[in-house]
Amino acid sequence: MRLRSFHPTDLDELHSIDAACFPAGVAYSREELKGFVYYRGSRTWVAEEAGEIAGFLVAQQAQDKTLHVITIDVKSGWRRRGVGNTLMDAAEAWGRAQRLGFAWLETAETNAAAQAFYRRRGFVKVRRMEDYYARGAAAWMMAKRLL
């Protein structure tokens, strides 16, 4: 598997992957995803194997000098094969290179698998956010020290 930077021709496929990974109200619209990918201070890594995109991660350098992981999406057939860890390793290494003190993200309160994945990577629950997603679903903000 190799990581590469986002190419503009990837957008439609990344949007399709996001829509398959998350339910309506959590998944981003194409325009929202495009805005995150092209946001100044943003990086997008694409994991691919034999020309197939296995997953991707979008992260931003936030104004408070932290790394905000916007989304990490791994196709169902590629889960539990190291894709998520490879993407997170790249994002966290970039955050350290940028001298960002913390990484943080939001995850659905009901997404126990994601919360366990982040805990294994050293993230802790910081704050519960009511009505974060559509239809009033709550989320957890989770964070990790990078430096």
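Just above, that's the structure.
Thresholds applied
- Residues numbered from 1 in each chain as written.
- Predicted model: local features only at pLDDT ≥ 70, side-chain atom pairs only at ≥ 80, totals over all residues.
- Heavy atoms only, no water.
- Helix = DSSP H or I, 4+ residues; strand = E, 2+ residues; numbered from the N terminus.
- Rg over C-alpha atoms; globule rule 2.2 N^0.38 Å.
- Buried < 20%, exposed > 50% of the residue type's maximum accessible area, 1.4 Å probe, protein only.
- Contact = heavy atoms within 4.5 Å.
- Areas by Shrake-Rupley, 256 points an atom, 1.4 Å probe, with all protein chains shown as cover.
- Axes fitted to C-alpha atoms, helices over the stretch in contact; angles between N-to-C directions.
- Left-handed = near helix turned anticlockwise from the far one by under 90°.
- Nonpolar A, V, L, I, M, F, W, Y, C, P; charged D, E, K, R; others polar.
- Pairing = 2+ DSSP bridges.
- Right-handed = clockwise from strand over helix to strand, strands pointing away.

Asks: So what exactly am I meant to see when it comes to the overall build of the protein here?
Replies: Looking only at helices and strands, the protein features four helices and seven strands. Ordered by position in the sequence, the α and β elements of the protein form the string β-α-α-β-β-β-α-β-α-β-β. Expected size for 147 residues packed as a compact globule is a radius of gyration near 15 Å; at 14 Å, the protein falls within 12% of this value. Along the three orthogonal principal directions, the C-alpha set of the protein runs to about 40 × 35 × 30 Å. Per-residue burial over the protein gives 47% buried out of 147 residues. Contacts in the protein between residues at least 24 apart in sequence constitute 56% of all its contacts with a sequence separation of at least 6. Carbon and sulfur atoms form 51% of the exposed surface of the protein, whose accessible area is close to 7800 Å².

Asks: Any chance you could explain the packing of helix α1 (residues 11–21) against helix α2 (residues 30–38) here in plain terms?
Replies: Each pair of packed helices gets described by two things: the angle between the helix axes and the distance between those axes. At a closest axis distance of 10 Å, the pairing of α1 and α2 adopts a crossing angle of 115°. In this structure, α1 crosses over α2, and the sense of that crossing is right-handed. Listed contacts from α2 to L11, D12, L14 and H15 of α1 are R30, L33 and K34. Among the residues forming the contact of α1 with α2, the class breakdown is three nonpolar, one polar and three charged.

Asks: What am I meant to see in the pairing of strand β2 (residues 42–49) here?
Replies: On a regular strand, each side chain points to the face opposite its neighbour's, so the side chains alternate between the two faces of the sheet. Among the eight residues of β2, six are classified as buried, and the element is accordingly described as predominantly covered. As paired strands, strand β1 (residues 2–5) and β2 are joined by four bridges and run antiparallel to one another. Residue pairing for β2: R2 is matched across the bridge by E48. Where β2 folds back onto strand β3 (residues 52–61) in an antiparallel hairpin, the turn is made up of two residues, including A50, whose phi is positive at roughly 50°.

Asks: Is there a simple way to think about the pairing of strand β5 (residues 102–108) in this case?
Replies: Within β5, six of the seven residues are buried, leaving the element largely enclosed by the surrounding structure. In this structure, strand β4 (residues 67–74) lies alongside β5, joined through three bridges in parallel fashion. What sits directly across from H68, in β5, is W104. One crossover worth recording links β4 to the parallel β5 by way of helix α3 (residues 83–97), and it is right-handed. For β5 and strand β7 (residues 139–145), the ladder comprises seven bridges, and the chain directions are antiparallel. The partner of E106 across the bridge, within β7, is M141.

Asks: I'm lost on the environment of M141 in this one. Help?
Replies: Its place among the elements puts M141 in strand β7. On the basis of relative accessibility, which here comes to 14%, the residue M141 falls in the buried class. Leaving out residues up to four positions away in the same chain, M141 has contacts with W104, L105, E106, V124, K125, V126, R127 and M129.

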